[in-house]
Amino acid sequence: MAGTVLVPPSGIPLERLVQMAVERGYTAQGEMFSVANMGRLAEEALGCQVELLRGGLGGPNRGRVLQHLVSGHPLLIPYDEDFNHEPCRRKGYKAHWAVSTGVLLGVQGVPSPGYAEDPELPGLFHPVPSMPHQLPSLPEEGSLGAVYLLSKQGKSWHYQLWDYDQVQDSNLQLTDFSPSRAADGRVYVVPAGGVRAGLCGQALLLRP
């Protein structure tokens with residue numbers, strides 16, 4: 001999904017991605033419990049640049065993530081998936097990956113020139129691709145309801161808007177391997193240090 005967002009589009013069949021990951025020892029069943037390995041796979045398969053973020057989506061990483069998305073580049077995030085695909089907190093038991101391809105920012109006033117108001121939704125502004133435009137001032141951390149990520153999990157039929165803080169909180173508590181998976185008799189590839197070392201507080205910024 002992230003590959004189709006990159007410019008130029010870097011489409012690659014899912015079956016080929018899984019085959020590459022198995023051959024390189026990153027996965028056994030299609031699972032991916034290492035952000036670092038996911039980054040290596042993206043570099044090789046998509047031919048893109050990858051930046052691995054550590055320390056969560058807050059603090060100094062918050063601005064980097066938002067600037068990245070406003071620039072039109074995808075973000076890959078491990079998180080705990082709830083029954084409706086939205087972020088939840090299950091200690092890593094429901095760990096999945098999502099791609100974020102955009103951001104909805106709540107701002108105080110009408111953006112500067114370079115933005116056009118949506119014809120169907122008054123108050124919603126889009127950057128005009130052919131015009132230079134300044135980024136709006138980003139909402140401060142802790143501003144309730146001010147930042148939403150346009151995100152999609154692989155099994156979902158459509159994109160959803162997720163509250164930034166909920167995504168951040170879910171990503172920061174990925175610490176344990178699911179007991180049901182541990183008892184299902186199948187083999188999984190889990191990095192040294194477990195889920196905490198492989199996923200917790202990490203994400204990938206992808207650029208062409």
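You'll find the structure just up there.
Residues numbered from 1 in each chain as written. Predicted model: local features only at pLDDT ≥ 70, side-chain atom pairs only at ≥ 80, totals over all residues. Heavy atoms only, no water.

Asks: Would you mind going over the packing of aromatic side chains with me for this structure?
Replies: The geometry of two aromatic rings is summed up by the distance between their centres and the angle between their planes. Tallied over the full model, the rule gives three aromatic pairs. An angle of 45 degrees between the planes, with centres 4.9 Å apart, marks the rings of Tyr 79 and Trp 162 as tilted. Of this pair, Tyr 79 sits in strand β2 (residues 75–81) while Trp 162 sits in strand β8 (residues 160–163), and the two are 83 residues apart along the sequence. Both residues of the pair, Tyr 79 and Trp 162, count as buried. Both rings, one in Phe 177 and one in Tyr 188, keep their centres 5.7 Å apart while their planes meet at 65 degrees; by these two values the pair is edge-to-face. Highlighted residues: Phe 177 in the loop between α5 (164–172) and α6 (179–182) and Tyr 188 in the loop between α6 and α7 (194–198), separated in sequence by eleven residues. (Phe/Tyr/Trp six-rings, centres within 6.5 Å; stacked < 30°, edge-to-face > 60°. Helix = DSSP H or I, 4+ residues; strand = E, 2+ residues; numbered from the N terminus. Buried < 20%, exposed > 50% of the residue type's maximum accessible area, 1.4 Å probe, protein only.)

Asks: What am I meant to see in α5 here?
Replies: In an α-helix there are 3.6 residues to a turn, and that puts residues three or four apart on one side. Tyr 164, Val 167, Gln 168, Ser 170 and Asn 171 are the residues of α5 that are buried. Viewed end-on, α5 has its buried residues packed into an arc of 165 degrees, placing them on one side of the element. The backbone nitrogen of Asp 165 lies 3.0 Å from a side-chain oxygen of the residue at the head of α5, namely Asp 163. (Arc of directions from axis to C-beta. Polar contact = N/O pair within 3.5 Å; in protein donor to acceptor, adjacent residues only side chain to side chain.)

Asks: How should the packing of helix α2 (residues 14–23) against helix α3 (residues 35–46) be read in this particular structure?
Replies: In a pair of packed helices, the angle between the axes and the distance between the axes together describe the arrangement. Relative orientation of the contacting elements α2 and α3 amounts to 125 degrees, with a least axis distance of 11 Å. Taken together, the axes of α2 and α3 lie oblique to each other. The crossing of α2 and α3 is right-handed. Counting all contacts with α2, which are made through Leu 17, Met 20 and Ala 21, the residues of α3 involved are Leu 41, Glu 44 and Ala 45. Partitioned by chemical class, the residues of the contact of α2 with α3 number five nonpolar, no polar and one charged. (Axes fitted to C-alpha atoms, helices over the stretch in contact; angles between N-to-C directions. Parallel < 35°, antiparallel > 145°, perpendicular 65-115°, else oblique. Left-handed = near helix turned anticlockwise from the far one by under 90°. Contact = heavy atoms within 4.5 Å. Nonpolar A, V, L, I, M, F, W, Y, C, P; charged D, E, K, R; others polar.)

Asks: What is the right way to read the side chain of Ser 170 from this model?
Replies: Here Ser 170 shows up in helix α5. We classify Ser 170 as buried; its relative accessible area is 0%. In this structure Ser 170 touches Tyr 79, Asp 80, Pro 87, Cys 88 and Arg 89, once residues within four positions along its chain are discounted.

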